[in-house]
Structure formats: structure tokens, C-alpha cells
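An overview of the molecular structure
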Amino acid sequence: MTTVELGMPDAPTPIDAAIARSLEQHGPKVTELKGKDFKTDQEVRWCPGCGDYVILNAVQSFLPSLGIAREDMVIVSGIGCSSRFPYYMNTFGMHSIHGRAPAIATGLAAARPDLSVWVVTGDGDALSIGGNHLIHALRRNVNMTILLFNNRIYGLTKGQYSPTSEVGKVTKSTPMGSLDHPFNPVSLAIGADATFVGRAMDSDRKGLTEVLRQAAEHQGTSLVEIYQNCNIFNDGAFELLKDPATGPMWTIPLEDGKPLVFGPDGASCVVRDDFGGLRIAETNQVDASQIVVHDASREDPSYAFALSRLSSQDLRYTPMGVFRKVQKPSYEAMMSEQLDEARLQGPGDLDALLAGGDTWEVTA
Amino acid sequence: MTGTNPTVAPSDSNGALATPVPSSAPGGLVKSVVELDRVVIRLAGDSGDGMQLTGNRFTSETASFGNDLKTLPNFPAEIRAPTGTLPGVSSFQLQFADHDVMTPGDAPDVLVAMNPAALKANLSELPGGGLLIVDSDEFTPRNLAKVGYATNPLEDGSLEGWQTVSVPLTSMTLEALADSGLGKKEAERSKNMFTLGLLSWMYHRPTEGTIRFLERQFRRKPEIAAANIAAFRAGYNYGDTTEAFAVSYEIKPAPMKPGRYRNISGNQALALGLVAAGQRSGLPVFLGAYPITPASDILHELSRHKAFGVRTFQAEDEIAGIGAALGASFGGALGITTTSGPGVSLKSEALGLAVMTELPLVVVDVQRGGPSTGLPTKTEQSDLLQAMFGRNGEAPVPVIAPRSPGDCFDAAVEAARIALTYRTPVMLLSDGYLANGAEPWAIPDADSLPDLTSAVAFATEPNGSAPDGTPEFLPYLRDPETLARAWAIPGTAGMQHRIGGLEKADKTGNISYDPANHDFMTRTRQAKIDGIAASIPPTDVDDPDGDARVAVIGWGSTYGPIGAAARRIRSSGRKVAQIHLRHINPFPADLGEVLARYDRVICPEMNLGQLSLLLRAKYLVDVQSHTQVRGLPFRAAELAAVIQDAIDTVQPAAVDHAVANGAQQ
Ligand SMILES: Cc1ncc(C[n+]2csc(CCOP(=O)(O)OP(=O)(O)O)c2C)c(N)n1
Ligand code: SF4
Ligand SMILES: [Mg+2]
């Protein structure tokens, strides 16, 4: 019998071998795929009109532009309507258990830094049962892209309020209105020191695609909150922002290097308040120099956090776009470095390991 | 009250060769050497006294001397319970011998008590006449009052039944370190090394290992290293010169199979087994774990072996630990998660996902006393039914258990073999006694370990075709022999597929709610696990004459005590068969037949009869369950009495002398 060495540059592991084989078969991994190449033969089973369809289409059509081979992409999801997503994507995928997708994806990304790992989750999945895994994934900065479909309701279990539902929401489980105060997922993510945090609207193909692209290219954990309409149990939840009549009034588009001016005729803007936070002002009431110029790359998270706090539960003043994008080494890259460092003196010697320090010999 | 010449050999002196050989010590003192065949020593002190370290060092010296041995560390869950109190007592027992030993011993022959609390907590277990060494400095009115001694036992005559040697260990240590420059508090902490030195003299232990250890351990604090070494030497020299100890003991090395040996604890062996499994399968090891007693040491050990490509991930909780391990398995790693009972509870749902996704995964449960937080530092075998059934739905999982600290290595390799070959999560049930206990271990040759490469055949080509004839990868197409499904890992072109917790359609793995499919898949998953029996050896029955009518069956760490009890039974002229299971799910294929041969089957367990329940349910055998949940291993004598009773009931008066107290173990 021979000893199998692995994980060493000169002795490929079965994983390395598998990757090498696939490279041989398909050449360089930058592929010229079309959106339809990411579709599967599975019948999509969301309710007609569900915002999830729009997001699926947007993702499928923008993915080819990333140049990632399908076999190198893995989508891990939890449980919920949104978490059915992987079945419809011609990539590797795991539809796992409620709330745990970030943990599963962490192990996968740490074990396989060569892959492009994505998580699809819902507001209940990510913020209720999976809240713990979400914040820890964010603080560790594992290289993965988390798409949080926020419909402000539990869709799959037929309409209970969720951790992002507004106070007083009347649902099947809260006939007299819900009592708990909602999370703002963007604030939560920034509070957990996430290195990339963005927000987009399901129906805004262009804005969504732009945020997704930046998220996918980011090294480390990216969290994208996607407002998603559940037309069955929480229809119109984002109507205030979608309606052309009211949307511009309450939406703050975030563009790097641009002053935060918004609303019809740029009537509103964002300025610093007296306590180091941000507030909304009327553009014609302030000096132009007072208007905040957006900079997602600020190291200090307090700016991005202050931006996220401009919103109230009823979505009045909702910044959309990339809140924060900073560089920090990713978890699996540092882990790989430690492994490399440990192997500087050569790969582990199993016989030496088994013998340990103090041994003695018994002779016949 | 204070004995000065403890020449009495260990209490249970069967076979002890008490032949004093006078020898001359420096100063003209005539000392004698008594040869013994075995000794059980218990070191007891305050949690802050370093008894575990002392015990481990004595163990290492003893192992390298060539005695066979077994150890039993026993410590409180609190890191530092209030000093000098009963709850703060920590102890370490070991048995070593010139022959193979199976247990750390039922009761000590020698008790070292570092303070009144340690004396009070342990004295009742020291048989009359046993040797008792106490640190007299600690028997102050204040310390005595703390544990409710109205008078000083060293002075009130209450220790007359034992060979008591009262030694001012603390003040002698301080004296020895007078020139060390250390403060009193700091110098005092070396009294455990003084004690170790004394014991090393008493039992003729080699000392170089301990000196090297201390130099290594305190590399960065040379003055502390020097103080500890000085105290150690002072203790040794004290033994050599004092009149208080006129006798020292010699225990010859035990005959062992030729080879190279080391001393190893269960957790260490388990961790090394996992590294070896990675190396022998060619897969990188990925451990996802959350710290928990008594499993944390496996995480600690594995985190040191990055040179072997081992990745360790300290997760935010047990669910994330198993989740990450399963994610890594999906990516083609050998996914492992290690925990103890409460952690297994948290992992149940993810374990079900592993059953459904049919990915390899090793789940290590180092069992401790339960339920709930239970007895974190004590041993128990009460997670067996949880391992078997603790999941929603029909979710069969193979269950295996090691029988001794060294055997944890082989069990780990076997767990990986099953997980990889059958693409299934495997439960490996160790326990606190195995985890912290130690024994000499014959170091295996890496090349002689099972070759697991054939268990890892990643699918790289389509293995079926779609209805329209195009080649297609079917993730749930099975190997006809093992029923293992095809395993294709991300990064393999053309093999994209989705798996998950929803019921799978046969072959394609697509979501299926079809009633017939669910029935088929449920039975298939069960059949796959049942089929593992084809790959395991038949039941190993230890019955020297082959005509015993009573069998004792056990699993896990009860192997030692049951084996020791069986020896006692046999040396009394009675017959008993010992069966010890490595595989509990599935059982060896012939187990039912084997059990049916006996008039009586006894099953001792450190739970309330969990294996018995399984055996009765599966084989309709009327198993006699004998149970105990004291947080400690069984005593061999107690088991021998139970077995003897059974034998004498089945075959009245075949042999009629008592065995419970005799015979070596
Ligand atoms: C352990 C567990 N608890 C509860 C459920 C039931 N459950 C399924 S999805 C869900 C909520 C999903 O809400 P969300 O994450 O917002 O997803 P959506 O359906 O809205 O997309 C719940 C409670 C479950 N599947 N597993
Ligand atoms: S219940 Fe709501 S979220 Fe779920 S599929 Fe239907 S519309 Fe979409
Ligand atoms: Mg939702």
C-alpha cells in the first residue's frame, strides 16, 4: 500500500485532480455562457407574480458577465420560498435547512477557496432562525455573496410576520398586530462589521444588477438585501418605493463620489447632523458644501451605519445601492496562508505524527 | 498515627511478590526494595494543586518504563472551585503493572492527599491498611474547618487503620526553593513536583522525561522551570534519604508485543486517527466544532496539524460546526464535527440533512453525564439512543464506539471508512473516561493503515441519460453493492446538480413528493445502512474454552472493567464469554445467532439500559441489564459479582468459591 499525500502542491488531492480534469475538458474557466445556460429543467414553483421570478431572471442574465464557469459556482440556501432558488440554477447547489446556509457555505468556502459561493436566504431564514450564523459569517469575512430576499413576511409558512415586519403588522399569528420591533438588515450587517453591504429592489433590474456585480466581485462576505414583493401574503410592501409618484421622494440612490441629493428636482439631500450622524435636509436650505458625498469605502462603519439609520420602518427614506465596500483579508485566504506556513518545513509526516514525542521500544 | 515504615504491599495483594531486598541509601540508611506486580495510586488535591499534571507526568514516566497502565482523571467542572473545599477536589488514579491491566483499578493502594478536603473526599475508598501520604502543612485549623473536621485526623487517631505517612510537603518545597528567588506563593506551587519526585523515587520511575518536559513547558520562564525541577529533585532525594520511607517498590516492565510504544489519551488518539483517515483517503480534513467538555481537546489537537492540510473551524455554535463540516464534505473534504451530548442535540437537524444529502461526515460525541448540562467532566454512555434515533423521520446513522483510549485511533479510521464508502454521516461514540484516560499504545506504521482511497471515487462523467438521450449526471444513482450514491464535487464540469433536505427522486435527486418514491427512498436509505454489516467482521467472542453458558456484552469504554471482571470469573474456575461491540449500528450480521447460544446474556452499561433495549428489540433475547450512572467507570469487582451470580443461577454450584475479591485484573 502506498501513502497518499494530499494538500501538498506536488501531490494533488482528489479534489485537485477533479479540478484539473475539468480544466482539461473545458479549457480556461472564463466561459461564454448565456443567461439561459444557467436555467435548469426544473419547473419554477413560486406563485405567479412573485418577486422571486424577477430576481432569478436578473441573476441568470447577469451571471455570464462574471465569467465564472457554472461548475465553479455553488448556491447554498436555507428554507423558505426564496430558498428554492438553487433548484432553478444550473450550478452546484444545496437547499439546506432553515437558517443554516451561511454556516454550510462557510465550510464549503473555507474548504474550497477556488469556488464562487453564494447564499440565498429570506428575512426569516437569515434574521430569525439563522441570525447567529449570519452575523458570524459577516464578521469572519468568508468569501461569499449572500442574497437576502426581504419580503417582510414568512412566505412559505403562509404569512406570519417576520423579523423585518413593521410593528403592528396584522398577520395570522398577530391578529391584533405584531409587537416586536423590526431589524433593519443593512444596519445589522454593518453592525456586524460586514465588509460589503448593499440594497436593491427586485423590480429594478439595472440597480439590482449593479449591486450584485459589485457584491460578486468583492473579496469577503457581501450582503445584499433585496426587497422582494410577496404578492400573496404581503403584497405592495415596497409600493411606496416602487410607485413612480412616491418612489423618488423616499429613495436615496447611493452612487460613489456623488452628493446625496434626491427627490423630485433634487429637493432633498443628506447632511451631517450635530451629533455626528446624518439627517435629511431640503437642498435649498443648506450650503452645497454641507451635502454628504457618498463614499462606500470609508473604513469606519459609522458613516454607512448612519446612512442605514435614515430609514424608518415605513421605508420613508430608503438608501438603495452599495452602503459599504471595504477591503479586508478574507477568512479562507488567511486560513490557506496558515496552512501554507505550516507546510513551509514540508508536508506533514504521518509516521512522525503518530510517534509523537516520548516513545519506547519493546523488543522480542 | 504517623507510620514510618509502610512496608505493606498494596491492599489487593494477590500475586504481589513481597520480597524486600535491602539496599543502602546515602547516609548509611538501610532501605529495602519490594517487588510488586501492580499498584494503584490515587493523587488527590485541590483543583489548583496541579494533580492532573502530576498524574500525567507520573503516567508518562511509568509508560516509558514499560509498565502497562490505565488512568482515571477525575476533576470538577469548575475551573477553580473555592480552595480547600470538597467540590474543589481533583484526583488522578492510575494502575500500573508488570502485566497487562484493563482498568485504572477499583480502589487505590496508595492515596496521596494534598489537603484535608482531598483526604475527606477519598479516604473511604482507600482499603484498610493502604498507604496514605498527606501534606501535613495543609492540615491547619482553617482548612480542617472548611471541610467539617472537628479535630485533626492526623492527631485524633482516626487514621489508625491505614499506613499513614504525614509529610510537610509544602514547607519542604519552600525550603528546597529558598534560593530560587521566587515568592512564597509561587514557590509553593511546585509542591506537586516535590510530590512527583517522591513518588518517582518510591516506584523507581525514570526521571529524565519529566525534567525534559519541565524545561520544554516553561521554555519562556526559565526560573519557573528551574524551580519545578529543583522541587522535583528535592522530592526524589527526600525519599532517598528520609527515614519516613524505608521501602521503595519495583514493578517490572510488562511483556508487550514488540514494537514502538507511546502513551496516548483517547482524545489524542481520536484526533490522530482523523488525521490518518485524511491521509489514507487522500482527502483534506475539515473540522467544524464548538468547544465543549470533554471533546475540546480533539479540536485543540487537530488545529495543530495544518501541515497535513487539516482545516479547523471554531464555529459560533454546534449547528454551524456540523453545517460547515457538511458544506466542506459537499466540496469534497472529509467533513468532521466533534462535540458532546448537548452539542449532539443541537446538531440533530443538520445530521438529518446529512442523511438526506448522503454526504460523508464523521460526528464524534465524547459522551458525558446527562441530561442537559449534566456532569460535564464525568463519563457516561447515555447518548446511545440519541445517536441511534435522535432525529426526525427515518434517519438511520451508523454508530460505532471505541473500547479503550488507544482504540479511539482505530475507531476514527473506521468511522471515516464507513462515512466515505457509504456516503453517510457516522456517529462515533467516545466518552469522558476514554477521552481523558491514557494507556500505552503500539504506534502503527502509517503504511499499514487501511487504504481508504478506493472509498473516494468522485464522479467525473455523466452516469445516465435524460429522457431525450443526452448524457446526464444522476446524483442519486447508487452503487449496486454499497448503495452509496454518486459523489460529484463542485468544480467538475458538466456535473452540476442540486441536493437538499427535501425528499429526492430516485436516481435524479430531483424534488419528489411521490408516495411510492418516498417509501422506496426511505427503505433504500435504511437498506444502505443495514448493508454496512457486510463490510464488518463477525462478532468477536472471547470465550477461551468455547463452552461458557453466560455471555457479557458491552460497548465502548466498559471494555476494560468487563474484561477485568471476566478474568476474575475465569480464575475462579467459572466460564464466561465476553462480547464487545465496535459496531452498534448496524450490529455484526451474526450477533443474533451468537447471543441465542447463551443461557444468559448480561449487558453492563453506564446508562439505564440502552444497548439492552436495542438487543431485546432486535433479537428478542432476554438481556439482563446491569447499569450504573455514577459518572465513573464500573468497578471490576462489582461486575464480577453480577456475572458470578448469573453463572451460579444458570449452573448452580458449579464452582462455589467467591470471586469478587480475588484475582488480579
Ligand atoms: C427548523 C424549522 N423551523 C421552521 C420551519 C418552517 N419554516 C419554513 S420557511 C419559514 C419562514 C421562511 O421565511 P423567510 O425566510 O422570510 O422566507 P420566504 O418564504 O419569505 O421567502 C419557516 C418558519 C422549518 N422549515 N424548519
Ligand atoms: S408566498 Fe409569497 S414569497 Fe412565496 S412564492 Fe408566493 S408570492 Fe413568492
Ligand atoms: Mg420572507
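Residues numbered from 1 in each chain as written. Chains lettered and ligands numbered in written order. Predicted model: local features only at pLDDT ≥ 70, side-chain atom pairs only at ≥ 80, totals over all residues. Heavy atoms only, no water.

With that settled, the discussion passes to the overall build of chain B. What chain B contains, in helices and strands, is 20 helices and 26 strands. Here chain B has a C-alpha radius of gyration of 27 Å; the compact-globule value for 665 residues is 26 Å, and the two agree. Along the three orthogonal principal directions, the C-alpha set of chain B runs to about 100 × 65 × 50 Å. Taken across its 665 residues, chain B has 63% of its residues classed as buried. Within chain B, contacts between residues separated by at least 24 positions form 76% of all contacts whose residues are at least 6 apart in sequence. Carbon and sulfur atoms make up 52% of the accessible area of chain B, which amounts to about 23,100 Å² in all. (Helix = DSSP H or I, 4+ residues; strand = E, 2+ residues; numbered from the N terminus. Rg over C-alpha atoms; globule rule 2.2 N^0.38 Å. Buried < 20%, exposed > 50% of the residue type's maximum accessible area, 1.4 Å probe, protein only. Contact = heavy atoms within 4.5 Å. Areas by Shrake-Rupley, 256 points an atom, 1.4 Å probe, with all protein chains shown as cover.)

Now for the sheet that holds strand β11 (residues 318-325) of chain A. Within the open sheet, the nine strands sit side by side as β7(A)-β11(A)-β5(A)-β6(A)-β4(A)-β3(A)-β1(A)-β2(A)-β20(B). Their pairing is mixed. For this open sheet the edge positions go to β7 (251-254) of chain A together with β20 (498-500) of chain B, each flanked by a neighbour on one side alone. Taking each pair of neighbouring strands and ignoring which way they run, the sheet shows an average axis angle of 20 degrees. Note: strand β5 (residues 196-201) of chain A against β11(A), four bridges, orientation antiparallel. Paired with A:F196 across the two strands is A:K325, which belongs to β11(A). Against the sheet, helix α5 (residues 131-140) of chain A makes contact with β4 (144-150) and β6 (221-227) of chain A, and its axis sits at roughly 135 degrees relative to β6(A), the strand it touches most. (Pairing = 2+ DSSP bridges. Axes fitted to C-alpha atoms, helices over the stretch in contact; angles between N-to-C directions.)

Near ligand 1 there are 17 residues, and of these A:C81, A:S82, A:D123, A:G124 and A:D125 occur at the shortest range. Chains contributing residues near ligand 1 are chains A and B. Between ligand 1 and A:N151, the relevant distance is 3.0 Å, taken from an oxygen atom to a side-chain nitrogen or oxygen of the residue. For ligand 1, an oxygen atom lies 2.9 Å from a polar atom in the backbone of A:L156. For ligand 1, whose free accessible area comes to 590 Å², the fraction covered by protein is 77%. Per element, the largest residue contribution to the shell around ligand 1 is four residues, and it comes from helix α4 (residues 123-129) of chain A. When the residues that make up the shell around ligand 1 are grouped by side-chain class, the tally is six nonpolar, eight polar and three charged. (Near = heavy atom within 4 Å. Polar contact = N/O pair within 3.5 Å; in protein donor to acceptor, adjacent residues only side chain to side chain. Nonpolar A, V, L, I, M, F, W, Y, C, P; charged D, E, K, R; others polar.)

Residues and elements named next belong to chain A. In the first shell of the magnesium ion (ligand 3), the protein supplies D123 (OD), N151 (OD1) and I153 (O), at 2.0 to 2.2 Å from the metal. Each donor residue of the magnesium ion (ligand 3) lies on one chain, and together they are spaced D-x27-N-x1-I. Like I153, N151 is buried. (Donors = N, O, S within 2.8 Å, 3.2 Å for Na, K, Ca; no water.)

A few words now on the domain arrangement of chain B. With domains assigned, chain B is organised as domain 1 (21-251), domain 2 (261-445), domain 3 (457-535) and domain 4 (541-650). Taking only C-alpha atoms into account, the centre of domain 1 of chain B sits 60 Å from that of domain 3 of chain B. (Domains from an automatic or database assignment.)

A few words on the confidence of the model for chain B. Residue and element names in this part refer to chain B. The predicted model of chain B averages 93 in pLDDT, with 94% of residues at 70 or higher. Scored below 50 in pLDDT, residues 1-19 makes 55 contacts in the model with residues more than four places away or belonging to other chains. Confidence over residues 658-665 falls short of pLDDT 50; this stretch has 35 contacts with residues more than four positions distant or in other chains. Confidence metrics for the complex model read pTM 0.92 and ipTM 0.94. (pLDDT = per-residue confidence, 0-100.)

In this section: the interface of chain A and chain B. Residue-level contacts link 75 residues of chain A with 84 residues of chain B. With both chains or domains summed, chain A and chain B bury close to 6,600 Å², and 62% of this area falls on carbon and sulfur atoms. The interface formed by chain A and chain B contains two salt bridges. The salt bridge partner of A:R140 is B:E316, with a shortest N-O separation of 2.8 Å. Breaking the side of chain A that touches chain B down by element, the ones donating at least two residues are α1 (14-26), β2 (92-95), α3 (101-111), α5, α11 (331-342), α12 (350-355) and β12 (359-362) of chain A. Class assignment for the residues of the side of chain A that touches chain B results in 34 nonpolar, 26 polar and 15 charged. Of the strand pairs in this sheet, β2(A) and β20(B) are connected by three bridges, and their pairing is parallel. Across the sheet, the residue bridging to A:H95 is B:G500, located in β20(B). (Buried area = accessible area lost by both parts, 1.4 Å probe. Salt bridge = Lys/Arg side-chain N within 4 Å of Asp/Glu carboxyl O.)

Once that is clear, we can look at helix α19 (residues 610-619) of chain B. Taken together, the buried positions of α19(B) are B:Q610, B:L611, B:S612, B:L614, B:L615 and B:Y619. Positive phi appears at B:L620, one or two residues downstream of α19(B), with a value of about 55 degrees.

For the rest of this paragraph, the subject is the sheet that holds β12(A). Judged by pairing direction, the sheet is antiparallel, and its three strands sit side by side in the order β12(A)-β10(B)-β17(B) without closing on themselves. Each of the sheet's edge strands pairs with one partner strand only, and the pair in question is β12 of chain A together with β17 (438-442) of chain B. Averaged over neighbouring strand pairs, the angle between their axes works out to 35 degrees when direction is ignored. Relative to β17(B), strand β10 (residues 259-265) of chain B runs antiparallel, the two sharing five bridges. Considered in β17(B), the bridge of B:S265 is made with B:A438.

Another aspect to go through is the site of ligand 2. Near ligand 2 you find A:W46, A:C47, A:C50, A:C81, A:N151, A:Q228, A:C230, A:N231, A:I232 and A:F233, and these make up its full shell. By residue class, the composition of the shell around ligand 2 is seven nonpolar, three polar and no charged.

This next bit is on the packing of aromatic side chains. Residue and element names in this part refer to chain A. On inspection of all chains with the given rule, the structure shows 20 aromatic pairs over all chains. Centroid distance W46 to Y53: 5.6 Å. Interplanar angle 80 degrees. Geometry classified as edge-to-face. For W46, a relative accessible area of 6% translates into the label buried. On the basis of an interplanar angle of 40 degrees and a centroid distance of 6.4 Å, the ring pair of W46 and F85 is categorised as tilted. Of the two residues, W46 sits in the loop between α1 and α2 (51-62) while F85 sits in the loop between β1 (73-77) and β2, which places them 39 residues apart along the sequence. Judged on exposure class, the residue W46 and its partner F85 are both buried. One aromatic cluster is present, formed by W46, Y53, F85, Y88 and F149 through successive ring pairs. Here the basic side chain of R316 rests over the ring of W250, its NZ or CZ set 5.0 Å away from the ring centre. (Phe/Tyr/Trp six-rings, centres within 6.5 Å; stacked < 30°, edge-to-face > 60°. Lys NZ or Arg CZ within 6 Å of the ring centre and 35° of its normal.)

Residues and elements named next belong to chain A. The element β6 is extensively covered by neighbouring structure, given that seven of its seven residues are classed as buried. Here β6 shows no split at all, with T221, L223, E225 and Y227 on one side and S222, V224 and I226 on the other all buried. Across seven bridges, β4 lies against β6 in parallel orientation. The partner of L148 across the bridge, within β6, is E225. Pairing between β5 and β6: six bridges, direction parallel. Within β6, the residue paired with R199 across the bridge is E225. Between β5 and its parallel partner β6, the chain crosses via helix α7 (residues 205-217), and the hand of that crossover is right-handed. (Right-handed = clockwise from strand over helix to strand, strands pointing away.)

Our next topic: the pattern of salt bridges. Residues and elements named next belong to chain B. With the rule as written, the count across this model stands at 34 salt bridges over all chains. A salt bridge links E301 to R304, with the shortest nitrogen-to-oxygen separation between them at 3.2 Å. Under the relative-accessibility criterion, E301 is labelled buried at 13%. The exposure class of R304 is exposed, given its relative accessible area of 59%. Between D407 and R582 there is a salt bridge, with the nearest N and O atoms lying 2.7 Å from each other.

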